[in-house]
Amino acid sequence: MYAEGSGRARQAFCEEREAGPADRSGDAAGGDEGEHVVIGRLTRRMKISDPPGRFQALATNVLRASLAAEVVAWVPVEDHEDVVVSGEVVGLGSKALRLLASALGRDPVRMADNPESARAAHAPEAVRRFAVVAAGTAGALIVVNPAEGRPFGSLEIERTQYVASLIATQSHNARVYADLKDLLFGIIRALTAAIDAKDPYTSGHSERVARIAVRLAEELGWPPQKRSDLYLAGLLHDIGKIGIDDEVLKKHGPLSPQEYRRIQQHVEIGVTILQDLKKLRHILPGVRHHHESLDGTGYPDHLEGDEIPIEARILAVADSFDAMSSNRPYRKRLSPMQIDEILEKGRGVQWDPAVIDALKACRMDVEAIRQKGLGESLIGAVDLAIGRR
Ligand SMILES: [Fe+2]
């Protein structure tokens with residue numbers, strides 16, 4: 001694609017079909033697009049969760065179309081980041097673009113408005129006119145050969161400055177977002193590790209419950225966002241157990257009524273642990289109510305039927321299924337037939353019949369999920385949790 005160029009450069013065509021290649025005729029579809037149209041098109045698509053490269057590709061494409069330029073390129077200050085190029089001019093690869101950007105020096109704008117001044121700035125032969133506009137400390141936006149017959153003046157420069165500032169803002173926000181995502185990811189992983197460390201015998205239970213619950217939700221037709229929320233609720237549903245004494249939590253013999261009441265408190269302790277994490281507030285109903293029973297004999301609030309949040313009803317089935325399918329110090333895992341009998345007996349009494357039906361419908365998948373190790377699902381779930389307002 002490039003006659004010249006070193007380092008990484010990325011073509012922006014494929015990222016933004018909406019803008020399409022620039023119209024060189026300079027008509028309304030190409031060079032005379034209104035300011036508000038360009039700005040509106042970009043700000044509507046400016047997502048904090050998008051990788052900076054995606055928005056840079058969109059912005060360079062939109063700006064190129066609006067100015068009917070041959071090339072618009074984003075040149076980041078950091079060498080390890082890609083130069084993003086929309087359009088093509090012979091000899092204008094990433095190396096040449098970086099050279100043009102460096103000519104900016106400390107000036108906010110540098111313009112070469114004829115081939116002679118372009119040569120003086122060491123631009124390749126095919127570059128007749130160009131402008132470089134700084135975007136704070138993030139990089140520079142370069143416009144090359146805008147539509148013939150139009151003055152390369154205030155409209156181009158102002159529009160380029162505006163788009164450059166949008167790119168700089170999105171890049172900064174995306175970095176903050178990524179840091180926040182890493183932090184929340186780390187917190188969730190640390191909390192699930194704490195549950196596993198507290199009771200190694202049930203290690204991996206939370207991850208399995210989370211995955212089984214997600215599969216059941218899929219069977220029930222839940223959309224991806226809600227399934228991700230459920231995944232996090234599954235991971236952290238028993239977090240309150242880290243607040244329960246070891247001699248009670250790990251006791252092999254029968255529990256006294258007092259010990260049983262202490263164990264039951266794990267759902268409330270879980271809510272107490274998580275309630276200050278604003279981005280995880282939506283999972284609290286699942287954490288608090290995953291031991292409720294349809295007939296009102298569960299805990300902590302003795303909710304009945306539909307009073308129990310649906311995420312808690314799903315978690316209850318996933319939790320019980322995994323517990324029955326696992327060995328415990330005081331018993332062997334139950335056989336599939338025994339599990340089926342118990343589930344059928346508790347259908348409509350302890351568990352939501354629709355969720356039991358969902359489990360039956362995807363039983364093979366659920367068995368397979370139990371065999372799998374830890375996965376990458378957390379990354380996507382954290383993404384969606386942070387994006388939540
Ligand atoms: Fe629990």
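Scoring rules and cut-offs
- Residues numbered from 1 in each chain as written.
- Predicted model: local features only at pLDDT ≥ 70, side-chain atom pairs only at ≥ 80, totals over all residues.
- Buried ≥ 20, exposed ≤ 12 C-beta atoms within 10 Å, placed from the backbone.
- Helix = DSSP H or I, 4+ residues; strand = E, 2+ residues; numbered from the N terminus.
- Pairing = 2+ DSSP bridges.
- pLDDT = per-residue confidence, 0-100.
- Contact = placed C-beta atoms within 7 Å.
- Axes fitted to C-alpha atoms, helices over the stretch in contact; angles between N-to-C directions.
- Parallel < 35°, antiparallel > 145°, perpendicular 65-115°, else oblique.
- Nonpolar A, V, L, I, M, F, W, Y, C, P; charged D, E, K, R; others polar.
- Expected span 1.5 Å × (residues − 1).

Participant: Which residues make up the pairing of strand β2 (residues 71–76), and what values go with them?
Facilitator: Remark: a regular strand shows side chains that alternate across the two faces of the sheet. Across the six residues that make up β2, a large majority, six, are buried. Going residue by residue along β2, you find V71, A73 and V75 tucked away on one face and V72, W74 and P76 tucked away on the opposite face as well. Of the strand pairs in this sheet, β2 and strand β3 (residues 83–87) are connected by four bridges, and their pairing is antiparallel. From the neighbouring strand, A73 faces β3, where its bridge partner is V85. Taken together, β2 and the strand that follows it, β3, pair antiparallel across an intervening segment of six residues. With six bridges joining them, β2 and strand β6 (residues 139–144) adopt antiparallel strand pairing. The residue of β6 that forms the bridge with V72 is V143.

Participant: Residues and numbers for the confidence of the model for the chain, please.
Facilitator: When pLDDT is averaged across the chain, the result is 84; 85% of the residues are at 70 or more. Segment residues 12–31 is flagged for pLDDT under 50; beyond a separation of four residues in sequence, or across chains, it makes 43 contacts in the model.

Participant: Account for the environment of S49, naming residues and giving values.
Facilitator: Looking at the element boundaries, S49 is found in the loop between α1 (35–44) and α2 (52–67). Between the alpha carbons of S49 and Q170 there is a distance of 9.4 Å; along the sequence they are 121 residues apart.

Participant: With reference to specific residues and values, describe the packing of α2 against helix α5 (residues 154–198).
Facilitator: Geometrically, a packed helix pair is captured by the angle between its two axes and the distance between the axes. Packing of α2 against α5 leaves a shortest axis separation of 9 Å and a crossing angle of 170 degrees. Here α5 runs roughly antiparallel to α2, going by the angle between their axes. Here P52, F55, Q56, A59, L63, S66 and L67 of α2 lie close against α5, whose contacting residues are E156, R159, T160, V163, L166, I167, Q170, S171 and A174. Of the residues assigned to the contact of α2 with α5, the class counts are nine nonpolar, five polar and two charged.

Participant: Give a description of helix α6 (residues 205–219) that names residues and reports values.
Facilitator: With 15 residues, α6 should cover 21 Å at 1.5 Å per step; its first-to-last C-alpha distance of 21 Å lies within 8% of that length. Counting buried positions along α6 yields 11 of 15 residues, so the element is predominantly enclosed. Residues S206, E207, R208, V209, A210, R211, I212, A213, V214, L216 and A217 constitute the buried set of α6. Against α5, α7 (224–236), α12 (310–324), α14 (353–361) and α15 (363–371) lie the buried residues of α6. G221 occupies a position one or two residues after α6 and carries a positive phi of about 85 degrees.

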